[in-house]
Every structure is written in structure tokens, then in C-alpha cells.
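# Residue-level structure breakdown
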Amino acid sequence: MKKEMINIEYILDNVSQMSLWNHLTTPLGLSAWFADKVTVKNNEYTFRWHKEYIQKARAVLVIPEVRIRYKWEEEMDSSAYFEFAIQTMELTRTTALHITDFVEPDDKASTIELWNSQVDTLKRTLGV
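Chains are numbered independently. Their residues run from 1 in the order of the written sequence. At least 70 in pLDDT is required for a residue's local features to be given in this predicted model, at least 80 for side-chain atom pairs to be given and counted, and no such filter applies to totals for whole chains, interfaces and linings, which use all residues. Only heavy atoms go into the side-chain values, all of them from the structure, while hydrogens and water stay out.

### Some details on the nonpolar core
Judged by nonpolar contacts, the single largest core of 31 residues is most densely connected at Phe34, Phe47, Tyr70, Phe84 and Trp115. Put simply, DSSP marks the helices as runs of H or I at least four residues long and the strands as runs of E at least two long, and each gets a number from the N terminus on. Among the elements of the structure, strand 1 (4-12), helix 1 (17-25), strand 3 (44-49), strand 4 (53-63), strand 5 (67-72), strand 6 (82-88), strand 7 (95-103) and helix 3 (108-126) are those that each provide at least two residues to this core. If we skip the residues at most four places from it in the chain, Phe34 touches Phe47, Trp49, Trp72, Phe82, Phe84, Trp115 and Gln118. We define the nonpolar core as a collection of buried residues of types Ala, Val, Leu, Ile, Met, Phe, Trp, Tyr and Cys that are connected through side-chain atoms lying within 4.5 Å of one another. Relative accessible area decides the class of each residue, using a 1.4 Å probe on protein chains only: under 20% of the type maximum gives buried, over 50% gives exposed, and in between gives partly exposed. Should any heavy atoms of two residues lie within 4.5 Å, those residues are counted as being in contact.

### Digging into the pairing of strand 2 (residues 37-41)
The pairing criterion for strands is at least two bridges between them, as found by DSSP. With five bridges connecting them, strand 2 and strand 3 associate as antiparallel partners. Considered in strand 3, the bridge of Thr39 is made with Thr46. Where strand 2 folds back onto strand 3 in an antiparallel hairpin, the turn is made up of two residues, including Asn42, whose phi is positive at roughly 55°.

### As for the packing of aromatic side chains
Stacked, tilted and edge-to-face pairs are distinguished by plane angle, under 30 degrees for stacked and over 60 for edge-to-face with tilted covering the rest, among Phe, Tyr and Trp rings (Trp via its six-membered ring) whose centres lie within 6.5 Å. Counted by the stated rule, this structure contains 21 aromatic pairs. Plain terms: the ring middles of Phe34 and Phe82 are 5.8 Å apart, the flat faces sit at 20° to each other, and that makes the pair stacked. Of the two residues, Phe34 sits in the loop between helix 2 (27-31) and strand 2 while Phe82 sits in strand 6, which places them 48 residues apart along the sequence. Per residue, the accessibility class of Phe34 equals that of Phe82, and both read buried. Among the aromatic side chains, those forming a connected cluster through ring pairs are Trp33, Phe34, Tyr45, Phe47, Trp49, Tyr53, Tyr70, Trp72, Phe82, Phe84 and Trp115. Only when the NZ of Lys or the CZ of Arg is both within 6 Å of the ring centre and within 35 degrees of the ring normal is a charge said to sit over the ring. Lying across the ring of Tyr81, Arg69 places its NZ or CZ 4.0 Å from the centre.

### So, unusual backbone geometry
Its identity is not glycine, yet Asn42 carries a phi of approximately 55°, on the positive side. Within the secondary structure, Asn42 is located in the loop between strand 2 and strand 3. One non-glycine residue, Glu65, lies in the positive phi region at around 65°.

### Digging into the pattern of salt bridges
The term salt bridge refers to a pairing of a side-chain nitrogen on Lys or Arg with a carboxyl oxygen on Asp or Glu at a separation within 4 Å. Per the counting criterion, the structure on display carries seven salt bridges. The closest approach of N and O atoms between Glu4 and Lys108, which form a salt bridge, is 3.2 Å. Within this pair, whereas Glu4 is found in strand 1, its partner Lys108 is found in helix 3, the two being separated by 104 residues in sequence. Several salt bridges converge on common partners, so that one network encompasses Glu44, Lys56 and Arg58.

Structure representation (C-alpha cells):
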């Protein structure tokens, strides 16, 4: 079954764009909210959860301080990826985090719930 794209937007008031970027792209930043431990070697990210669950992803698109797209190594759907994009609204100077992910249609609600939980943790680590 082909996966379905979802787009979620989170408004992050009073956050440094550089700090947010570091939390989306560096091992230390990603380990603070996304996975228990993250290592990077040659654009290959290794994510560990609960010591026994490991997944690898490649950074396939990077626009510094704007967008990073990851593709899971074991992903069978060639069009699937997950992406973080940062947008600053000119008028309000508010920062938005846009997350794009691909999910099985039956998993849409639980995936959005998981992202909501993860981003709540991200907000706490950023002091937002």
C-alpha cells in the first residue's frame, strides 16, 4: 500500500532559528527530543531508542537553517521521507516548524499524535 503524505505545522514563539536548526540536524540536538541516541557519519544518521531499536536514515536534502529531509534506509516506498522545514513569518517574527512525513493511511492519527508528543518535548528543550 502506498503511503500518504502528512504535513503538520507547529508555531514556536521566541525561538532562535539557529537553536531550532541544531535540534533538527545535530546528534546532540536530535538526542534531546527525537531519539535516545543519535550518531552521524557521512550524512548517515543512526537513531537509537531504548538501546535495542535502531534505524538509519540519510540526509538527502539540506538547505542550511531552512530545511532538512531524511530518508529511512529500510523504507520500501521510494517516494517516502520525513522532513523538517523552518519558516519565519516576516510580519510577526514567529517561527514555524513544518514536518512532512509519509504514513500508512491506517496509522495517520497515531503518527500525528506521536509527532505532537515529540514536538512538545522539543519545545521544552528549547525553552518555548
